[in-house]
Amino acid sequence: MRDHLGRSRLTANLNLWWFPPQPRPVYNQPPASPDPFFACRLFLWMPHRVWRLQLTCPQPLCSGSLTKAGLYRTIRRVLDIDGWYLMATEYLECRQCKKKVGGWSQGIIRQLPPTYSCLFPAVLTYKLSCDQKVIAQLRSRTLGNSANRLYNTLREQHTDAWMRRSIHYLGVCEQFRSLYSVQRQVAPPPSMPPVPSAAWLLTVYGYDVVMRLDEYKARITSTFGSILKMDSTKKVTKKLAGAASDTAAWVTNVGNEHGQVLISVLTCSEGTEGLSSMAAGLMRRYQLAEVPPPLVMYVDRDCCRGDGVSKTAALFHEWGNLVVRLDIWHLMRRFACGVTSESHELYPTFMRQLSHCIFEVDPQDARRLTEAKRSELGRKRGMFDLSDAEVIQRISKEEWRLHCRRRTRGAVDTAILLQNLLDTFRGPAGRNTLNIPLLDDLRIQDIWDTQRRHLSCIQDPPGLQLYTQTGSLTKGGVSLPVYRCARGSTSLESFHLHLNRFIPGTSASARYFQAFLVDGVVRWNEDRAAAAAPVEAAEEKASQLSYSGHLKHALNQKSQRVLGLQLVEDFTKPAAYTGELIGLEYLFTQTGSVFEDISMDPDTPDESAAVSSLEEEEEDEGIQEDEEDPTIFPPDSSSSSPAASQSGAPRKRSKVLMVSQDTSTS
């Protein structure tokens, strides 16, 4: 507004959003300028002046109070879903040190209560700024929502919005062309501002994560479990760039029975030697939270020791009753190293029989699934009077996994069955039509001599419930329970598939690598916790989906005080951060490296890119869990007697199951 002298004055009635004058519905003369057709709204952020809040100086070693010092001279452009808007703020000056700071500084926003801080709509960087609605598109990270995809979507939305405004403007101008004998010059529409690159979008997303890193780490260290799994992978370490490049050899992860990840650390070497600090942090976490220690831990190595306590048990020495078990799929892969070729036509038959030597299916579950499948085939396909064997052949591996519980046979029975299986495949039955043997006789004998001592390490701990019913579904009019199995480290193998996609592009600097890793683990855990929640709680809040833990926590606090109930379900309720080192923090204690500084002050030059290149980003960064269990094979439907089912006789099968080799031994 203007005073009586015509000078600009800030109005006393301040709002957050200000909208420019819109184009008139009807024009009686040509518009003088295209500006009204392309004007954008303004967000005015003045927390001190609007809410009369007492703010302190964000400078280190200064606690002086802030007072208003006019308007900040810089007007920012903020990227929105289909356009841009402007942002202005106030200047605040410290009464003590006389330093000035903009009202949009993180040092100011962090002082605001959630009632007001949640109204700030954007993440600011030195050059450009981005609205939270755009950030949320990357935060969800569902399949099909990579940074490149979002960049192309924004370009399309911006282009469509710009074309609509241009059509409106030029259409109004066109109405007056026939009214003038001399054609007037019409100003062309302004050019569309370019949409920032996908790499910049990821950089801003990294800013958003870094600002809440402590909250995310608190969520990770608030995760527990009674059945743990520990496994390592190395593929993602190749994406670490900068001074820390080539310093990480492995990423070791510990998960629980729900598929959540309790801790993820990068180390210089594989093995238990460099994991003592991680183990000490986990044991301290359980102790501080007064949570009972875990009962079982599944590993891919170091499961037992002939002359005493295994390395894994020694690593977690405070958990005296911890049972260490070898993951069965890793044992099966060791036997797979004894074949002459995985493309051999008898290879899938061998792996199927190998699984049957270790597992047996609960007969009641198998009977119920068979009857349900028989009924479904009759209703949907008109297939009646099928034998049990014919029905079982039409049951998929996924159906066996979901609806049938399995148990290990015991070390003695497994040893007998495996010996029979190897003897059978070493004979004529183990050769194909070209007389090529499936097994390398010397190699498989050496593997058998080495691995038979681990048969006791793969058995189910007595009395431990490994299956949890997560729901039910109806098939052929028969209600079938849906189970989730906590055995083995299959869930961690699934996590490893997605871990590499948490870090977008080909490489990332240490700070952004850490941010993307922690953020990915938090989102992964949130999805696994929601899937493991009671059916009633999940259905009640099924329409809600958010990875913004700080918003859920603030809303539940206020709704509990005001309404006496919580409005949103927070499946991973965070406690205080335990101080455990996560991700690169753990590696840097081993190498002595430090994180590069990232300024959170939007008025300080920054703009180091989060990722090096997105050209090779072929896969979308989805975080859906791949729940396939490679140890599951359909039962041997052609066996008519218990003796036949235990004979280990090979049967040909056309589908080839590719199994990766693992030559590591415990």
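Preceding block: the structure.
Note that the structure is predicted; figures quoted are calculated from it, not measured. (Residues numbered from 1 in each chain as written. Predicted model: local features only at pLDDT ≥ 70, side-chain atom pairs only at ≥ 80, totals over all residues. Heavy atoms only, no water.)

What follows is about the pattern of salt bridges. Throughout the structure, instances matching the rule amount to 26 salt bridges. As a salt-bridge pair, E376 and K475 come within 3.9 Å of each other at their nearest N and O atoms. Highlighted residues: E376 in helix α13 (residues 363-381) and K475 in strand β16 (residues 467-475), separated in sequence by 99 residues. The pair formed by E376 and K475 is uniform in burial state, with each residue classed as buried. (Salt bridge = Lys/Arg side-chain N within 4 Å of Asp/Glu carboxyl O. Helix = DSSP H or I, 4+ residues; strand = E, 2+ residues; numbered from the N terminus. Buried < 20%, exposed > 50% of the residue type's maximum accessible area, 1.4 Å probe, protein only.)

The next thing to look at is the environment of P20. In this structure, P20 sits in the loop between β1 (17-18) and α1 (35-38). The spacing of P20 and F37 is 17 residues in sequence and 9.9 Å in space, taken between C-alpha atoms. When residues no more than four places from it in sequence are discounted, the contact partners of P20 are A39, C40 and R41. (Contact = heavy atoms within 4.5 Å.)

Turning our eyes to something else, we now look at the nonpolar core. Counting residues in each nonpolar core, the largest one holds 104 residues, and the members touching the most others are M278, F316, F335, F350, M351, F513 and L584. If near-sequence neighbours (up to four positions away) are discounted, F513 is found in contact with V236, K239, L240, L266, I503, A508 and L584. Within the second largest apolar cluster, 22 residues are counted, among which are W45, Y85, I108 and F120. (Core = buried A, V, L, I, M, F, W, Y, C linked by side-chain atoms within 4.5 Å.)

Bringing the packing of helix α8 (residues 213-220) against helix α19 (residues 510-532) into the picture now. Helices that pack against each other are described as a pair by the angle of their axes relative to one another and the distance between those axes. Here α8 crosses α19 at 45 degrees, and the two axes come no closer than 10 Å. The pairing of α8 with α19 is recorded here as oblique in orientation. Handedness of the crossing formed by α8 with α19: left-handed. Residues L213, Y216, K217, R219 and I220 of α8 pack against Q514, A515, V518, D519, V521, V522 and E526 of α19. Taken together, the residues of the contact of α8 with α19 sort by class into seven nonpolar, one polar and four charged. (Axes fitted to C-alpha atoms, helices over the stretch in contact; angles between N-to-C directions. Parallel < 35°, antiparallel > 145°, perpendicular 65-115°, else oblique. Left-handed = near helix turned anticlockwise from the far one by under 90°. Nonpolar A, V, L, I, M, F, W, Y, C, P; charged D, E, K, R; others polar.)

Attention now moves to helix α18 (residues 490-502). Note that an α-helix has 3.6 residues per turn; residues three or four places apart therefore point the same way. When the terminal C-alpha atoms of α18 are compared, their 19 Å separation across 13 residues agrees well with the 18 Å that a helix rising 1.5 Å per residue should span. The sharpest bend along α18 measures roughly 25 degrees and falls at H496. Along α18, ten of the 13 residues are buried, which leaves the element largely enclosed by surrounding structure. Every buried residue belonging to α18 is among T490, S491, L492, S494, F495, H496, H498, L499, N500 and F502, and all of these are buried. Its buried side turned inward, α18 meets β9 (227-233), β10 (250-255), β11 (261-267), β17 (478-485) and α19. (Expected span 1.5 Å × (residues − 1). Bend = angle between axes of the 7 residues up to and from the residue.)

In space, the five strands of this open sheet follow the order β11-β10-β9-β12-β13, with mixed pairing throughout. The two strands at the open ends of the sheet, each matched to only one other strand, are β11 and β13 (323-326). Strand-to-strand twist in this sheet, taken as the mean axis angle between neighbours without regard to direction, amounts to 20 degrees. Looking at chain direction, strand β12 (residues 296-299) and β13 are connected through four bridges and run parallel. Note on β13: the bridge partner recorded for M297 is V324. (Pairing = 2+ DSSP bridges.)

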